[in-house]
Amino acid sequence: MSTNIYQKLNNVKRKLRNTKIKKGGRNDYSKFDYMELTDFEGYLDQYCEEEGVNTYFNWDNDKATLVITNVENLNETLKIEAPLVECGIKGASAIQNLGGVMTYMRRYLFTSTFGIAEHDVIDALADNQKDSGEYKKDMKLREATTTAMDELREGKKAWAMLVKTCGYKTTEPASSENNQNATAKAKEWEKETFGSVISPLDLKAEHIKLIEQYCTGPETFVSDEIA
């Protein structure tokens, strides 16, 4: 069974995390460095090609959409949207401002989707502000929120992968007989494997690992990895 788009995306993210990317931008006013699109786009293109993933952008009047496609299964795509923001570059023409918006949105969607670390605001803070109790409290809350959101996102992806493997069809309503049977089959698999049915909100890393093993290669599945 070929690798699904979620695994491909994770493989690209892992390669980017292991790549030392130098920040090429400099904010002289606030005196901090930041990552430009050109700093990481070459690496991103290379890793996407290696993993069999294609990316392109759709532009509407009010939003930008990053579309990620599994080239081994063109029906398998992910879409990540973000609202467009205005760009008022002093002395620039309308078309130059449009180019600035498109470059910023591409950079923003790539960094957020592929987990490319950016710490512009943090880098710009004075050392005494970083050492303050209020700052540390705020950063701890941000880290906890980010971790919770990442776990929730991965749990939802794993559940979607499982029900699809069990026969769920996105072209049919959730209430269809086929999709109800697929959902029931997925829950039965969870019950046999984990001892109980687990909500996508509560799936942990060890559960997700077994789901991925089951969906990508049942012959390598080991059901006793979780006590």
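In what follows, the accompanying structure is described.

## Some details on the overall build of the chain
Then step 1. A tally of helices and strands in the chain yields eight helices and five strands.
Then step 2. Secondary structure of the chain in N-to-C order comes out as α-β-β-α-β-β-β-α-α-α-α-α-α.
Then step 3. Residue burial in the chain is summarised as follows: out of 227 residues, 34% are buried.
Then step 4. Considering only contacts in the chain between residues 6 or more positions apart, those separated by 24 or more positions represent 49%.
Then step 5. When the accessible area of the chain is evaluated, it comes to approximately 14,400 Å², of which 50% is carbon and sulfur surface.

## Structural notes on the sheet that holds strand E5 (residues 73–83)
In a beta sheet, neighbouring strands pair by backbone hydrogen bonds and run either parallel or antiparallel.
Then step 1. Judged by pairing direction, the sheet is antiparallel, and its three strands sit side by side in the order E3-E4-E5 without closing on themselves. Each having just a single partner strand, strand E3 (53–59) and E5 make up the two edges of the open sheet. Looking at each pair of strands side by side, their axes are set apart by 20° on average, direction ignored.
Then step 2. As judged from the eight bridges shared by strand E4 (residues 63–70) and E5, these two strands associate in the antiparallel manner. In the sheet register, Leu-66 faces E5, and the bridge partner there is Ile-80.

## Considering the packing of helix H1 (residues 5–17) against helix H2 (residues 37–51)
Then step 1. Here H1 crosses H2 at 140°, and the two axes come no closer than 9 Å. What the angle tells us is that H1 and H2 run oblique. Note on packing geometry: the crossing formed by H1 with H2 is right-handed. Facing H1, whose interface residues are Lys-8, Asn-11, Val-12, Lys-15 and Leu-16, H2 presents Tyr-43, Leu-44, Tyr-47, Cys-48, Glu-50 and Glu-51.
Then step 2. Looking at the contact of H1 with H2 residue by residue, the classes come out as six nonpolar, one polar and four charged.

## Description of helix H8 (residues 205–216)
Owing to its 3.6 residues per turn, the α-helix brings residues three or four apart onto one side.
Then step 1. Between its first and last C-alpha, H8 extends 16 Å over twelve residues, near the 16 Å set by a 1.5 Å rise per residue.
Then step 2. Restricting attention to buried positions, one finds in H8 the residues His-207, Ile-208, Leu-210, Ile-211, Gln-213, Tyr-214 and Cys-215.

## Observations regarding the packing of aromatic side chains
Then step 1. In total, this model carries eight aromatic pairs according to the counting rule given.
Then step 2. Measuring from centroid to centroid gives 5.2 Å for Phe-57 and Phe-110, while their planes differ by 80°, and the two rings are edge-to-face. One end of the pair, Phe-57, is in strand E3; the other, Phe-110, is in helix H3 (residues 94–113), and 53 residues separate them in sequence. Here Phe-57 and Phe-110 have matching classes, each one buried.
Then step 3. With a centroid separation of 6.3 Å and 10° between ring planes, the pair formed by Tyr-104 and Tyr-108 is classed as stacked. In this pair, Tyr-104 and Tyr-108 both sit in helix H3, four residues apart, roughly one turn of the helix.
Then step 4. A relative accessible area of 40% places Tyr-104 in the partly exposed class.
Then step 5. Each member of the aromatic cluster is reached from another via a ring pair, and the members are Phe-40, Phe-57, Trp-59, Phe-110 and Phe-114.

## With respect to the side chain of Thr-111
Then step 1. With respect to the helices and strands, Thr-111 occurs in helix H3.
Then step 2. Polar side-chain contacts of Thr-111 include one of 3.0 Å to the backbone oxygen of Tyr-108.

## Considering the pairing of E3
Then step 1. With seven bridges connecting them, E3 and E4 associate as antiparallel partners. When the bridges of E4 are listed, Tyr-56 appears paired with Val-67.
Then step 2. Hairpin connection from E3 to E4: three residues lie between these consecutive antiparallel strands.

The rules behind these values
- Residue positions are given per chain, counting from 1 as you read along its sequence in written order.
- Local features in a predicted model are, by the rule used here, given only for residues with pLDDT of at least 70; side-chain atom pairs are given and counted only at 80 or more, and totals for whole chains, interfaces and linings are based on all residues.
- Side-chain metrics rest on all non-hydrogen atoms present in the structure, leaving aside hydrogens and water.
- Comment: elements are numbered from the N terminus, with helices defined as DSSP H or I runs of at least four residues and strands as E runs of at least two.
- Only protein chains enter the accessibility calculation, which uses a 1.4 Å probe. A residue is then buried if its area is under 20% of the maximum for its type, exposed if over 50%, and partly exposed in between.
- Throughout, a contact is declared for two residues whenever any of their heavy atoms are within 4.5 Å.
- To be clear on the numbers: accessible area is Shrake-Rupley with a 1.4 Å probe, and residue cover counts the displayed protein chains and nothing else.
- Between any two strands, pairing holds if DSSP finds at least two bridges.
- In this description, a line fitted to the C-alpha atoms serves as the axis of each element, helices being fitted only across the stretch in contact, and the angle between N-to-C directions of two axes falls anywhere from 0 to 180 degrees.
- Throughout this description, any angle smaller than 35 degrees is read as roughly parallel, any larger than 145 degrees as roughly antiparallel, any in the 65 to 115 degree range as roughly perpendicular, and the remainder as oblique.
- Note on convention: near helix rotated counterclockwise from far helix by under a right angle means a left-handed crossing. Clockwise means right-handed.
- Lys, Arg, Asp and Glu make up the charged group, whereas Ala, Val, Leu, Ile, Met, Phe, Trp, Tyr, Cys and Pro make up the nonpolar group; the residues left over, Gly among them, are polar.
- An expected span of 1.5 Å times one less than the residue number is assigned to each helix.
- Between 30 and 60 degrees the pair is tilted, below 30 it is stacked and above 60 it is edge-to-face, where a pair is any two Phe, Tyr or Trp rings, Trp via its six-membered ring, whose centres lie within 6.5 Å.
- Polar contact is the term for a pair of N or O atoms within 3.5 Å; when the atoms are in protein, one must be able to donate a hydrogen and the other to accept it, and sequence-neighboring residues count only if both atoms are side-chain atoms.

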